[in-house]
Amino acid sequence: MKKFKKSVTVPTIIVCTLGWGVFASKAIQENHKEESSNVHKYTSDEVEKRLAAYRFIPPYDNIKKEYERLKEEERKRLEELERQRLERLEKIRLAKIEEAKKIAEQKRIEELKKQQQEEVISRGDTNSTGNWMTFNASYYTAYCSEGCTGVTATGYDVSNTIYYNGLRIIATDPKVIKLGTIVEVKTPYETFKAISLDTGGAIKNYKADILVSSTQEAINLGRHNIQIRVLKEPN
């Protein structure tokens with residue numbers, strides 16, 4: 001009996017050992033295959049993503065792009081400034097042209113008026129009654145430093161008055177407004193009726209002198225354009 005047990009136990013141990021060895025070998029092979037399969041799967045699916053995540057982008061590329069963007073913005077800004085400058089210059093040029101046209105037109109009108117006035121004077125004629133005429137007026141007193149004697153060219157004494165029968169007294173060129181003509185005068189300050197009773201060395205063509213009470217008043221009123229129209233000519 002003891003001999004039988006001993007003969008059974010030894011082969012059993014050998015068989016078990018061999019079986020365990022085979023099983024372990026299979027298990028190791030299977031585990032190796034699984035690990036190989038996992039490594040292969042990770043390499044094919046994830047490596048590219050992981051490399052892309054850690055891929056190095058040279059900083060020079062970003063700097064270059066930013067430089068190009070800023071360069072383009074600066075170019076556009078300079079173009080806009082140049083456009084605005086040219087636009088301002090064009091406006092100035094057009095304004096100068098318009099101003100030159102106005103000045104030329106004004107000169108033409110003045111020359112035309114002067115020509116018409118000279119034609120009237122050369123004919124020895126005056127404007128018809130009721131038409132307004134433009135005169136350049138100054139102011140004078142009965143006594144002045146240029147030979148004023150207190151008596152007008154028509155012999156009327158103005159040493160103590162600036163009126164003749166309720167009419168203001170003015171000096172005109174007899175070729176334009178005859179002496180003794182009653183007129184209406186519009187100045188920047190007032191409108192009144194007057195009579196031409198005086199002349200003067202500087203009162204030529206469309207110039208007039210208005211008699212006032214004092215030298216200071218004459219200075220204060222100065223020189224300016226006035227409007228005169230004939231109300232009644234002398235007989």
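Up top is the structure these notes are about.
Residues numbered from 1 in each chain as written. Predicted model: local features only at pLDDT ≥ 70, side-chain atom pairs only at ≥ 80, totals over all residues. Heavy atoms only, no water.

Participant: Tell me about the pairing of strand 4 (residues 182–186), and please be specific about residues and values.
Facilitator: Pairing analysis gives five bridges linking strand 4 to strand 5 (residues 191–198), with the strands arranged antiparallel. Paired with valine 183 across the two strands is alanine 194, which belongs to strand 5. In this antiparallel pair of consecutive strands, strand 4 and strand 5, the connection spans four residues. Pairing of strand 4 with strand 7 (residues 224–232), which is carried by five bridges, proceeds in the antiparallel orientation. Across the sheet, residue isoleucine 182 finds its bridge partner in strand 7, namely lysine 232. (Pairing = 2+ DSSP bridges. Helix = DSSP H or I, 4+ residues; strand = E, 2+ residues; numbered from the N terminus.)

Participant: Mind laying out the packing of aromatic side chains, listing which residues take part and the relevant values?
Facilitator: By the definition in use, this model includes two aromatic pairs. Ring centres of phenylalanine 135 and tyrosine 206 lie 5.0 Å apart, and the angle between their planes is 45°; on these two criteria the pair is classed as tilted. You can see phenylalanine 135 sitting in strand 1 (residues 132–140) and its partner tyrosine 206 sitting in the loop between strand 5 and strand 6 (207–211), a full 71 residues away along the chain. Using a relative accessible area of 1% as the deciding quantity, one classes phenylalanine 135 as buried. For tyrosine 206, a relative accessible area of 9% gives the class buried. Taken together, a centroid distance of 4.8 Å and an interplanar angle of 85° make the contact between tyrosine 156 and tyrosine 164 edge-to-face. (Phe/Tyr/Trp six-rings, centres within 6.5 Å; stacked < 30°, edge-to-face > 60°. Buried < 20%, exposed > 50% of the residue type's maximum accessible area, 1.4 Å probe, protein only.)

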